[in-house]
Structure formats: structure tokens, C-alpha cells
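Notes for the structure review
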Amino acid sequence: MPFRPLYGHHAIRARLKAAACDGRLPASLLLQGGLGVGKQRLALWLGQYLLCERATRERLAEPCGACQHCRYSERGMHPDLHWFFPRPRLKDGDASAAEVKADLAEAVAERMEAEGLYAPPPGSEGIYVATIRALVTMAASRPAMAARTVFVVGDAERMVSQEGADQAANAFLKLLEEPPSGVTLILTTSEPGALLPTIKSRVVSVRVPALPRADMEAFLSDAVVARKLSRVPHDEQLARAGGAPGALFAGESMSAAFANARLLLEAAIAPRTPDGVVLQVKAAARQGVAGARGAFSDTLEALTQLLHARTQQLVLAGRDIEARRTATVMPLVEAAKTKAQNNVSPNLLTAALLRDMHRVMAP
């Protein structure tokens, strides 16, 4: 089963194509943009373009789609197009590169079976040290069948630091700074603020915007997409997506995370009254006493998206002071995400977070 076609992002594709054909494409790229706008699909498109036998030589607008490299790339099977993304921690914390590759191959196959329309990984999954070690090892190897190797690292902000992992982290930073000849690394993130400055300083960032309505209509007209969303009214599809096709396939867990995040946001902006305090206490209690990594991490991810959307709405409404206040609390949520990786108590962490957010945002 091939990937779904890449819809939209024509201007970015043209820039990347021109750079690749002229030999100006940076070896380490960061595609950043909202959740679900198609950053990983764009990265995979670029990977296919770079591996295509004809694309750069003949300055084609798209990969040819007919050569062996294109056929393998479109099915997620090309041995020189490696796709990394958050996964559950392997039982062996010091898993070999072969074990990491096998796990990722299985995960890619699952995404292909879903016809390329998959939910984002839950908050309990990450890009762990064993995966980084495997990536660095693979980058030092010669390509298997193409003239080059391409690595796509989706949700790069989910790289999980671990005690004693300095060697792997330093090797990855060196790889970003000086990739071997013929190696291209393409990182993607929905939260550039959560990336380490040492990573951001070593990559060239490209902003990937949400899709305009015309491109969203084209995506929704895709036969496979239309079949999967047949129970959702068309207008609701457009509203839920907000220019981000991936948002339509977030699944029940992410829908629940967004509903929970809305409760947290309502509690944070509640008036400074006894009722507002009660709302905060109830919202914190709903988070439970254990399992910060998982559903609670998903809630924090969703809260970040809601804060971004609220900031944009306030700016458009001319309410600049409130917009600045909303933007100010985003680092608080990022700090909470980091703490959640250590399995702290979700309700205690939420209580502290809401207290700090309320001080800034409440009327």
C-alpha cells in the first residue's frame, strides 16, 4: 500500500526542489509547523525526490514515480530512506541498531496498512537513546542501493534525554553539524521551542504552514480519505482540521486529550473567585495520581495546541494584551511536559501548572 499523495505545500516543494537540483540543499533540515500540517509527509516526499533516479538530474517538479527508488520509497520500503518517530521504549534499554530497525520497520508497516492516515504517537512514546545510537551508526554506513541516504526524524522534540547518554547525544549533534557525504537529515517538529538549542543551531529551519482551503478540499476528495471520514460532515471535517489534515486522524485518545485540555484552559482563565478556585481543584483532580507519561502527556500536548490557537484568535481580534499573556504561559506547559517524563503525580503537577497559568491569564 503506497503513501497517500502529498497535498499542498507547493511553494516549499518548489524551493526544496530548486535547492536540491542546484546542489544547495542543506544536509541538516528542520521542518517546523503546526501539528498535522504534513511535515513528515513533506520530508518523505523530499527523501523520495533525492533518491529518484531522474528527479534532480532532469530537474523534475516531482519524483518520477516510475523508477525502482520511487516505487520502494512510496511503499515505505526503501533501504536508504529511513523514517524515525516516537516509539515505546524497547525492553532492552541498550537495544542494538538491528533491533531498533526491526521495531521501526514494523511500525512503518502499520502506518502503511493504515493507508498513510495514522494517529500521532501517544505521549508515552519517545525517541530514546537506543534509537539515536542506531541512527548515528546507520549514518556511518554506505547506502544500500541509492547514491545517498536520507534520514527523516519525525516529532524530533520527543527525543528523550537519559542519564549517562551524553555520548549518544554528542554523536548526534556532531552528525547534524557534519553529516557524512551523501547523507541528508530531515527533522520535523510541531514544538520548536521544545528542541534543544544545540539541535536548532545545527539545522536550517523551514516553516511549514497550514494548508489553505483549496488544498484541504483536494485532500478531502482523496478516495481513501473520503472513505475513512465518511461519517463526518464535510464542513465539520474542514473545521476540525483547521488546515492540518493529520488532525482528522488523531483518534479517540487525542480527542479525549483535547477535551481534557479544554477543561484545563477554562480553569486557567476562570475569574479570580471562589468558583474559579473550585474549577481549578476539580480540573487537577481529574488528572489522577499516577501515569504522567501517557494520557496526561497527550493532554499537555493538546493544551499547547489550544494555547497557540487562542493566541492567534486574540491577535486577530485586536486583544494584544491577552494574546501576550496567553503566549507567556506556553513555557510553563513546556516545563510541565518535561516533568511529566519522570512519572510525577499528574494531579499535583496540574495543580501547580494551573496556579501559575491562572496568575497570568485570569481576569
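Residues numbered from 1 in each chain as written. Predicted model: local features only at pLDDT ≥ 70, side-chain atom pairs only at ≥ 80, totals over all residues. Heavy atoms only, no water.

1. A few points about the packing of helix α12 (residues 274-285) against helix α16 (residues 346-361)
To keep it simple, the criterion reads: Angular values range over 0 to 180 degrees, each being the angle between N-to-C directions of two axes fitted as lines to C-alpha atoms, with helices fitted over their stretch in contact. For helices the rule is a DSSP run of H or I covering at least 4 residues; for strands it is a run of E covering at least 2, with both sets numbered from the N terminus onward. With the far helix as reference, a near helix turned anticlockwise by less than a right angle produces a left-handed crossing, and one turned clockwise produces a right-handed crossing. A contact between two residues is defined here by any heavy atoms of the two lying within 4.5 Å. All residues other than Ala, Val, Leu, Ile, Met, Phe, Trp, Tyr, Cys, Pro, Asp, Glu, Lys and Arg, Gly among them, are scored as polar; the first ten of these are nonpolar and the last four charged.
Two numbers describe how α12 lies on α16: the axes approach to 8 Å, and their chain directions differ by 145°. Where α12 crosses over α16, the two elements pack in a sense that is right-handed. Note on element contacts: α16 touches α12 through N347, T350, A351, L354, R355 and H358, opposite Q280, A283, A284 and A285. Class assignment of the residues belonging to the contact of α12 with α16 gives a composition of five nonpolar, four polar and one charged.

2. A closer look at the pattern of salt bridges
As a reminder of what qualifies: Salt bridges are identified by distance alone: a Lys or Arg side-chain nitrogen within 4 Å of an Asp or Glu carboxyl oxygen. Between buried and exposed lies partly exposed: a residue is buried under 20% and exposed over 50% of the maximum accessible area for its type, with that area taken using a 1.4 Å probe on protein chains only.
In total, this model carries 18 salt bridges according to the counting rule given. The salt bridge partner of E62 is R13, with a shortest N-O separation of 3.0 Å. Of the two residues, E62 is situated in the loop between α2 (39-51) and α3 (68-74) and R13 in helix α1 (residues 10-21); the sequence distance between them amounts to 49 residues. Looking at E62, the relative accessible area reads 34%, which means it is partly exposed.

3. Some words on the packing of aromatic side chains
Under the convention used in this document: Aromatic contacts are taken between Phe, Tyr and Trp rings whose centres are within 6.5 Å, Trp giving its six-membered ring; a plane angle under 30 degrees counts as stacked, one over 60 as edge-to-face, and the others as tilted. Throughout this description, the term charge over a ring refers to an Arg CZ or Lys NZ atom that lies within 6 Å of the ring centre and within 35 degrees of the ring normal.
The tally for this structure, following the rule as stated, stands at seven aromatic pairs. Residues Y7 and F219 carry aromatic rings whose centres are separated by 5.8 Å and whose planes lie at 80° to one another, so their mutual orientation is edge-to-face. With Y7 in the segment before α1 and F219 in helix α8 (residues 213-221), this pair connects stretches of sequence that are 212 residues apart. No difference in accessibility class separates Y7 from F219, as the two residues are buried. Consider the rings of F219 and F249, whose centres lie 6.4 Å apart with planes at 85°: the pair is edge-to-face. Taken together, the residues F219 in helix α8 and F249 in the loop between α10 (234-241) and α11 (251-268) connect sequence positions 30 residues apart. Taking relative accessible area as the criterion, F249 reaches 12% and is therefore assigned buried. Taken together, the ring pairs in this structure connect F3, W83, F85 and Y118 into an aromatic cluster. It is R13 that lies over the ring of W45; its NZ or CZ is 5.7 Å from the centre. The lysine or arginine in question, R111, covers the ring of F85, its NZ or CZ lying 3.6 Å from the ring centre.

Note that all results are geometric; they support no functional claim without further evidence.
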